[in-house]
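Architecture and fold: a report
What follows is the residue order along each chain.
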Amino acid sequence: MHHSNQTPWMRATGTIASLCLLLAMAFGPAPARAQSSADEKKIDDLIARMTLEEKIQMLSGSTVMSSTGIPRLGIPAFRMSDGPVGAHIPPPSTAYAAGIGLAASWDGDLANRIGTQIGRDARSRGAAFVLGPGVNIYRAPLNGRNFEYFGEDPFLAGEMAVGYIEGMQSQGVSATIKHYAANNSEYFRFTSDSVVSERALREIYLPAFEAAVRRAHVGSIMDSYNLLNGEHATQNYHLNVEIAKEQWGFDGVMMSDWTATHDGIAAANAGLDLEMPFGWYMNEKTLVPAVKEGKVKESVIDDKIRRILRDGYRFGWMDHDPLDQSIPRYNQQGRLAALQGAREGLVLLKNDHNLLPLDPARVKTIAVIGPDAFPGSATAGGSGQVPAFYTVSALKGISDRLGLNASVLYDAGVSRLSILAMRSGFSQSGDKFTPGLTVETFDNQNFTGKPLASHVEMMANSGQNMLDSPDVGELIQSITSDQMKAFMGPTDGPPRYTRWTGYYFARASGNFLVFVENQGKYRLTVDDKIVIDHVEIPKSAVAQTVLPLTPGPHKVVLDLLSGPQFGEPQVKIGIAQQGTLVNQSAIDLAKRADAVIVAVGYDADIETEGADREFKLPPGQDELIEKIAAANPNTIVAVTAGGAVDASAWIDKVAGLVQNWYPGQEGGTALAEVLFGDVDPSGRLPISWERSLKDNPSYAWYYPTPGTLTIPYKDDIFVGYRGYEHNGVKPLFPFGFGLSYTSFKYSNLAIHSTGDAGSYAITFDVTNTGTRAGADVAQVYVSEDHPGVPRPPQELKGFARVALSPGETRHVSVPLTARSFTWYDTKAAAWHADAGAFTIHVSRSSADPQLEGKITLDKPIVMPVK
């Protein structure tokens, strides 16, 4: 097997708030300074003293996680740390709420606070660059990296990104906004071609990047793996030079994602400044002759050096080592910020009969059941996975909150996939039960001829990616190009394909759940019939189906057509009869309890970089929820996921639903605080939650056109709630939705022109009309009444998170700019709005307007991009 969906190093990898900020400033350096003419003169001098060979050496990494320095000139190598959920090279570190959970807070100040703390964590480890935040748009719930990103709306994503970046860069650490651009799936991330209209790029997929550059002055942009409109991102001149550098004025470093470079000359001419992790393309062998032959101008090389050095002077790395050993790696300020992120991001989606908050005086026995109850998943997988010093699970958080005042019972409910795989009990023979499966290696995809090798595995639960080891974070800092090549082994040998064959003995007739966990291309057959086909597209890390089986042996064959670049593939195959997946002990506990928390969802193996996931919950979890809800009417489901899940089987059977996202190390504490009313649930969805996957606006265009690697973004500008409303489809839960334990009233809408053409202040009052303190998110949507071109029915253009005591009223002002009314005119290369009427809604979600006003533009708005 010779192809991989994942490169090795990518897997390896109030009063209190004010006090925390002061402490951070005390420990940290001065904020990144504006570029001075003196710095530019120093840069000119260094460039003049460098040889062409030295310049080219600086255009790539010297280790997996650092740039290349020139010691004779006093230019250091700049170290890097993976993010964006925490600076975790080397681990352990503080695990914060994942990007999707942070976006659910709708709190730019919180994003700033968390960015500040991640910056401090990076400084304590000597990192100059943090590889985050990620701002790719949530197009569908299937993307394995949705958890890292800020949701489906470009305005919300941009606001969160700006806060995060400004906080991080205040600590003398460069943020790296990624993945530029239109990297909205993981299944073919190295080879797929996102075909996106210029208008959709400008209106949906680029605004968060633009805000990061124009407003937050981000130090670095990371080019993505995928192609965009036929060109690799790393050699896409329109993307890197025309848009980012010329139109937005980006003056920082354009770096590649790891191994995303394909052509040294093309990348050099198309604006890539830094090839990571090593110079396998932008190297002396390629670029020295190219410069001498006039294929690449030396001034182009000089500009790349200027950008790298500019960041070095701007953030102070040329003057001092970014490492600050006075900053504790076990970060107490970070711990508090992580807790607040988990609190504010949690979204209450259903609360029948006001079951929540639970009353500790009345709930004396509570059952915490489910695969995510303990130890839980603080973060999802890949480079965004943070090995934390500790994590608080749902079980621990609830038990610690209640202490000795209640009995907290626990059961996993269903087995993890590795246990299900082990319990499947495959046989080598269908005639007589002989434990094990035959594993054969072939040199062809048809699995014909004599196997190259054969052995027996006792169960289909094999493979361990070395990069899952906790020691890798330490190793990855210093590994060099030669060491990496030796570690990976030869890559030019013949391909290898593996077949697993076994027999499953069904004890009775019925429907059986069948699943495979593998991130590559494969085909699973049962009794010679294809039941899971990932030969063309490896659609998810775990795939499942239901089959009717009769008693007796059934032949099971898994053909693996791709795998990791080194080591054995991770393989799990499991079969279990439906109705037998749930522990009876869990049902018994549920019957005894006053209330039940069912903790379900994904983990770092199933929702991860390098693979997509299913919309359906992992095997057995739907059955668990249904059986527990039947046993106890006071059942609350808590979901750990990077986005929406298929709730159709059980949403009408449970009393409550809480979306945890990936809440970071303090998730269990925050969950308990919300369940028992210590904290009001103030999170609001940064996504639309589908009733059915087919309802998603991108459903018909999420996968490549058959026979190609081209993903046609024919949903165009109608992404997320824009698409649902355009298509007349109601999601299960709308964008911006979330319940509270209190109530709010909106009143006194006024619209004021602020002088500049197209600029307005939208003012209104928000009152907490309930009996509890809480926070609401006031969302301002703009609609053109009679558009001359296709436009979404409404678009988010402003918001304010408003925290209020019972009975308190606050006057709120949300600004709109001329850009708030425009659409992107591709022919004119300008943002454009026609004169005419626009409707303004102040809403509690995209489907819940509270106030309505009108604005009339007397004349058109035209804003050229250049």
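Above this text you will find the structure in question.
Reference entry: report on the structure contained in this document. (Residues numbered from 1 in each chain as written. Predicted model: local features only at pLDDT ≥ 70, side-chain atom pairs only at ≥ 80, totals over all residues. Heavy atoms only, no water.)

**Overview of the overall build of the chain**
The following threshold applies: Segments assigned H or I by DSSP are reported as helices when at least four residues long, segments assigned E as strands when at least two residues long, and all are numbered from the N terminus. We compute the radius of gyration over the C-alpha atoms and compare it with the globule rule, which gives 2.2 Å times the number of residues raised to the power 0.38. Here the term buried applies to any residue with accessible area under 20% of the maximum for its type, exposed to any over 50%, and partly exposed to those in between, with areas from a 1.4 Å probe on protein chains only. Using the Shrake-Rupley algorithm and a 1.4 Å probe, accessible areas are obtained, with residue cover drawn only from the displayed protein chains.
Helix and strand counts for the chain stand at 22 helices and 37 strands. For the chain, whose C-alpha radius of gyration is 27 Å, the value lies close to the compact-globule estimate of 29 Å for 866 residues. Taken along the three principal axes of its C-alpha coordinates, the chain extends 80 × 70 × 55 Å. Put simply, the chain has 866 residues, and 63% of those count as buried. In the form shown here, the chain has an accessible surface area of approximately 30,400 Å², with 51% of it arising from carbon and sulfur atoms.

**Quick look at the nonpolar core**
Selection criterion: By convention a nonpolar core is built from buried Ala, Val, Leu, Ile, Met, Phe, Trp, Tyr and Cys residues, the set being connected through side-chain atoms within 4.5 Å.
Counting 175 residues, the largest nonpolar core has Y180, W258 and W650 as the members making the most contacts within it. By size, the runner-up hydrophobic cluster in this structure holds 28 residues, among which are L355, V363, L395 and A406.

**Observations concerning unusual backbone geometry**
Of the consecutive residues G83 and P84, the connecting peptide bond is found in the cis state with omega at 5 degrees. Mapped onto the elements, P84 comes out in the loop between strand 3 (80-82) and helix 5 (99-104). The residue after L356, namely P357, is reached through a cis peptide bond having omega 0 degrees. Assignment of secondary structure puts P357 in the loop between strand 11 (347-351) and strand 12 (365-369). Non-glycine residue F447 carries a positive phi angle of around 55 degrees. Here F447 is to be found in the loop between strand 14 (437-442) and strand 15 (453-457).

**Focus on helix 20 (residues 621-631)**
Along an α-helix, residues three or four apart share an orientation, since each turn contains 3.6 residues. Going by this rule: Note on contacts: a residue pair qualifies if any of its non-hydrogen atoms lie within 4.5 Å across the two residues.
Within the span of helix 20, buried status applies to Q621, D622, E623, L624, I625, I628 and A629. On its buried side, helix 20 packs onto strand 12, helix 19 (584-592), strand 24 (595-601) and strand 25 (635-640).

**A look at the sheet that holds strand 28 (residues 744-753)**
Selection criterion: If DSSP finds at least two bridges between two strands, the strands pair. Between N-to-C directions, angles cover 0 to 180 degrees, with each direction set by a line fitted to C-alpha atoms, over the stretch in contact for helices.
The three strands are arranged 28-29-32 in an open sheet whose pairing can be described as antiparallel. Every interior strand has two partners, whereas the edge strands, strand 28 and strand 32 (809-816), have only one. In this sheet, adjacent strand axes meet at a mean angle of 20 degrees when their direction is disregarded.

**Structural notes on the packing of aromatic side chains**
For any pair of aromatic rings, geometry is given as the distance between the ring centres together with the angle between the planes. To keep it simple, the criterion reads: Only Phe, Tyr and Trp rings take part, Trp by its six-membered ring, and two of them pair if their centres are within 6.5 Å. Stacked means planes under 30 degrees apart, edge-to-face means over 60, and tilted covers everything else. Criterion for a charge above a ring: Lys NZ or Arg CZ within 6 Å of the ring centre, and within 35 degrees of the ring normal.
Following the criterion strictly, the structure yields 31 aromatic pairs and no others. Measuring from ring centre to ring centre gives 5.4 Å for Y205 and Y713, while their planes differ by 75 degrees; the resulting arrangement is edge-to-face. Of this pair, Y205 sits in helix 8 (residues 198-205) while Y713 sits in the loop between strand 27 (710-712) and helix 22 (721-727), and the two are 508 residues apart along the sequence. According to the relative accessible area criterion, Y205 is buried, its value standing at 3%. Joined through ring pairs, the aromatic side chains of W106, F155, Y721, F735, Y781 and F799 make up one cluster. One Lys or Arg, K539, reaches over the ring of Y703 and ends 4.7 Å from the middle of that ring.

**Considering the environment of Y721**
Following the sequence through the fold, Y721 ends up in helix 22. Put simply, Y721 and L348 are 373 residues apart on the chain and 19 Å apart in space, counted from C-alpha to C-alpha.

**A short note on the packing of helix 15 (residues 394-402) against helix 21 (residues 667-675)**
Rules: Note on angle classes: values under 35 degrees are labelled roughly parallel, values over 145 roughly antiparallel, values of 65 to 115 roughly perpendicular, and the remainder oblique. Take the far helix as your reference; a near helix turned counterclockwise from it by less than a right angle gives a left-handed crossing, and one turned clockwise gives a right-handed crossing. Charged means Asp, Glu, Lys or Arg here, nonpolar means Ala, Val, Leu, Ile, Met, Phe, Trp, Tyr, Cys or Pro, and polar covers whatever is left, Gly included.
Running from amino to carboxyl end, helix 15 crosses helix 21 at an angle of 50 degrees, the nearest separation of the two axes being 7 Å. The orientation of helix 15 relative to helix 21 falls into the category oblique. By crossing handedness, the relation of helix 15 to helix 21 is classed as right-handed. On helix 21, the residues that touch A394, G397, I398 and R401 of helix 15 are G668, T669, L671, A672 and L675. Here the contact of helix 15 with helix 21 is built from residues that sort into five nonpolar, three polar and one charged.

**As for the sheet that holds strand 7 (residues 220-223)**
In a beta sheet, neighbouring strands are held together by backbone hydrogen bonds and run either parallel or antiparallel to one another. On the basis of which strands lie adjacent, the open sheet formed by five strands has the order 3-4-5-7-10 and parallel pairing. The open sheet has two edge strands with one neighbour each: strand 3 and strand 10 (253-256). Strand after strand, the sheet turns through a mean of 30 degrees between neighbouring axes, direction not considered. Two elements, strand 5 (residues 174-180) and strand 7, share three bridges in a ladder whose sense is parallel. What sits directly across from Y180, in strand 7, is D223.

**Some details on the pairing of strand 34 (residues 830-833)**
Covered by surrounding structure in strand 34 are A830 and H832 together with W831 and A833, the residues of both alternating faces. Pairing of strand 33 (residues 823-825) with strand 34, which is carried by three bridges, proceeds in the antiparallel orientation. By the bridge assignment for strand 34, D825 is matched with A830. Between strand 33 and strand 34, which pair antiparallel in sequence order, lie four residues; one of them, A829, sits at a positive phi of approximately 50 degrees. Bridging between strand 34 and strand 37 (residues 861-864) involves four bridges; their strand directions are antiparallel. The residue bridging W831 from the neighbouring strand is M863, located in strand 37.

**As for helix 9 (residues 207-214)**
In terms of residue burial, helix 9 counts as a mostly covered element, since seven of its eight residues are buried. Every buried residue of helix 9 is accounted for by P207, A208, F209, E210, A211, A212 and V213.

**Structural notes on the packing of helix 3 (residues 37-49) against helix 13 (residues 298-314)**
Direction vectors running N to C along helix 3 and helix 13 enclose 135 degrees, while the axes themselves pass 10 Å from each other. With respect to each other, helix 3 and helix 13 are oriented oblique. The element helix 3 and its partner helix 13 pack so that their crossing is right-handed. Residues D39, E40, K42, I43, D44, L46 and I47 of helix 3 touch helix 13, and the partners they reach there are D302, I305, R306, L309, R310 and Y313. Of the residues assigned to the contact of helix 3 with helix 13, the class counts are six nonpolar, no polar and seven charged.

**Observations concerning the pairing of strand 29 (residues 760-768)**
Counting buried positions along strand 29 gives nine out of nine residues, so the element sits mostly inside the fold. Residues Y760, I762, F764, V766 and N768 line one face of strand 29 and the alternating positions A761, T763, D765 and T767 line the opposite face, and both faces are buried. Note: strand 28 against strand 29, eight bridges, orientation antiparallel. Residue pairing across strands places I751 opposite I762, the latter belonging to strand 29. Hairpin geometry of strand 28 and strand 29 is characterised by an intervening segment of six residues between the two adjacent antiparallel strands and by a positive phi of about 105 degrees at G755. Note: strand 29 against strand 32, eight bridges, orientation antiparallel. The partner of F764 across the bridge, within strand 32, is V812.

None of this, on its own, says anything about what the molecule does.
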